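# Architecture and fold: a report
Here's the letter readout for the chains.
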Amino acid sequence: MCSSSPVRHRLWQWRARLGSIFGTTGIVLAATTGGLFQMFEAAMLDRYIQHRPLEARDPRIVLVTIDENDIEAAGQWPLSDERLAILLEEVRSQQPRVLGLHLYRDVPIEPGSDRLSQVLASTPNLIGMEKYVGQSVPPPPILQQLNQVGLADMVMDPDGVIRRALVSVRDNEGHIRNSFATALALMYLQQEQVSIEADAPGTSRVQLGKTLIESLRKNDGGYAQIDDGGYQIILNYRGPRENFESVSMSEVLAGESSDDRLRDRIVIIGPVAPSLKEGYNTPYSNRTRDRDTQMSSLVIHANLTSQLVSAALDGRKIIRVPSPALEWLWVISWAAAGTLISWYWWQTSQFRSHTSPAWSLLLLYLLGLCLIPPTVGYLAFLNGLWVPVISPLAAGLTASFVISLHKIHRLQKLATCDGLTQLANRRYFDLYLERAWGLSLRRQQPISIILCDVDYFKPYNDTYGHRQGDDCLQKIAQTLARSVRNGDVVARYGGEEFAIILPDTTLMDALKVAQRMNENVSCLRLSHQSSAVAPYVTLSCGVANLTPKLSHTPHQLIQAADCALYEAKEQGRNTCVLGQIAADPTPDPATDY
């Protein structure tokens, strides 16, 4: 029991700081779960992607692009089956390991339908594309029969940016359907003797070569309540189109591509023409999200294919997120940092002068709170970890603000509260009287003041000592505060003198309050052997009342109450006396000039 008492005492002393830490953490975590910081966290992720060191081109992937010039040369869009068959035959002749057809072909486009069907049926390393989620677009029937189809669906964040990728989905029959990029990557990895395997029963983690992949959940990282349907991961972009080797359709058809350019590589054929409006916003898009900075779906799928293959073979990092427990600890630590920094600054600021260089510490503290989380987040991102930045930053600044408010409130209380009795002090009394006076003047309501004095208090101190005298004043102060309404103000006016402001109170009601306070103090039966009035502590009260006019001043009201108090003492003390307000002075015509 004895050992726990100092702990409880220390916890009580730290209650404001602990309340700031855990209260701020709770608020920030609730705001995070509600999605308040989601777009800010996503924007920070975009900045990390944009400003990280550039990566080299992926040597395993080549894009065969169909641009505006290719469409103009073909004379139509979509391409005819004949032209598409010729293109596939030309690419196939260069022996790519995997061939991806990144365009929809669910209906024949004559001429050349039979020739295209023959090419599709005789190309076992070809992956076609279909739209599965939402408004579906079926794949070429032949490729569907051969199970050489991948899903073209992409996952878009609420702000319209592609930051996540769909690896696979489970259809209504319980079958796993791989995305277009996943199908390309797995077919390429087959020759490397690499397959995807479940890491452990009952988990969403899978082992792909050198990398362990885990499905993204709805509250992971900076996300909050996102649609986590299917098997999603965060897209670790290699870069825009310039980060992939590409050759145009016209160059391939003209035989301008070298024989070994496509050999044993992943070749993806698809459109990049802006007129087709197949661009999407990505972390590389500018803030206005104009089309010039959008990325074609072909390049986005190429990025996912590159991410999966390079992760499996090279150990290239998959962007992961910390566990919820670590995220909470991360937020709590910054709430604690903001609390302790602000508390330390306020504790030491009272010993500084206004010209002291130590005042610049506050700016350094705030800069540290604002810069350290983003810096830590960037370094973590370079190592494959997306750490939330905005939520800990909000926790640190909010906790610092809360502690500052608490300290300001305490300073304000110290400036307006009497340290011994915890009543209002003389400064607060003057301020409140001025405000109450102005309100009574506008509304033409009466205002009353009671001045109280402890009878024979100096002999009380001489008899019982100042420590006992302080206890006596504290008990009287508590009694007076309980004797008035909530809107009334009881203040310590002097050493053993108290003042009470009673707004909107008539003279007779104020007298009743004074008599009630006198009776309540007498009922305390605080022994007072040196009193000439009673064997216990008593009060003398002076009461004054006035309905203010422009010719009146608050000083007149105080003076009337003071005179009434003097009269109460003259009448033998332990009594209440009503004060009289002097009549308005009549202007002297002789002095009116």
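Residues numbered from 1 in each chain as written. Predicted model: local features only at pLDDT ≥ 70, side-chain atom pairs only at ≥ 80, totals over all residues. Heavy atoms only, no water.

Another point: the sheet that holds strand β16 (residues 489-492). Two pairing modes exist for strands in a sheet, parallel and antiparallel, and in both the strands are linked by backbone hydrogen bonds. Reading across from one edge, β16-β17-β15-β18-β19 is the order of the five strands in this open sheet, with mixed pairing throughout. The open sheet has two free edges, formed respectively by β16 and β19 (576-578), since each of these has just one partner strand. With direction set aside, neighbouring strand axes in the sheet form an average angle of 20°. As paired strands, β16 and strand β17 (residues 497-503) are joined by four bridges and run antiparallel to one another. (Pairing = 2+ DSSP bridges. Helix = DSSP H or I, 4+ residues; strand = E, 2+ residues; numbered from the N terminus. Axes fitted to C-alpha atoms, helices over the stretch in contact; angles between N-to-C directions.)

Take the nonpolar core next. Formed by 42 residues in total, the largest nonpolar core has its most connected members in L63, L189, L208, I213, I233, I266 and I268. Breaking this core down by element, the ones donating at least two residues are β1 (61-66), β3 (126-130), β5 (164-170), α8 (180-190), β8 (205-208), β10 (231-234), β12 (266-271) and α10 (297-314). In this structure I213 touches S204, R205, V206, L208, Y231, I233, L308 and I318, once residues within four positions along its chain are discounted. Judged by nonpolar contacts, the second largest core, of 28 residues, contains C452, L511, L526 and V543. (Core = buried A, V, L, I, M, F, W, Y, C linked by side-chain atoms within 4.5 Å. Buried < 20%, exposed > 50% of the residue type's maximum accessible area, 1.4 Å probe, protein only. Contact = heavy atoms within 4.5 Å.)

This part is about the confidence of the model for the protein chain. Low-pLDDT stretches of the model should not have their predicted coordinates read in fine detail. Within the protein chain, residue pLDDT values average 89, and 92% of them lie at 70 or more. The low-confidence segment residues 585-593, where pLDDT is below 50, has zero contacts with residues more than four positions distant or belonging to other chains. (pLDDT = per-residue confidence, 0-100.)

If you walk through the whole model with that rule in mind, you get nine aromatic pairs. Between Y223 and W386, the ring centres sit 5.3 Å apart and the planes meet at 85°, which makes this aromatic pair edge-to-face. Residue Y223 is located in the loop between β9 (211-214) and β10, and its partner W386 is located in the loop between α12 (360-382) and α13 (390-416); the two are separated by 163 residues in the primary sequence. For the cation-ring pair, R164 lies above Y223, with the distance from its terminal atom to the ring centre recorded as 5.2 Å. (Phe/Tyr/Trp six-rings, centres within 6.5 Å; stacked < 30°, edge-to-face > 60°. Lys NZ or Arg CZ within 6 Å of the ring centre and 35° of its normal.)

On to the pairing of strand β15 (residues 447-454). Across the eight residues of β15, eight count as buried, placing the element largely inside the fold. The side-chain alternation of β15 yields two buried faces, one formed by I447, I449, L451 and D453 and the other by S448, I450, C452 and V454. For β15 and β17, the ladder comprises seven bridges, and the chain directions are antiparallel. In the sheet register, S448 faces β17, and the bridge partner there is L502. Note that β15 and strand β18 (residues 539-546) share eight bridges and pair antiparallel. Across the sheet, residue L451 finds its bridge partner in β18, namely G542.

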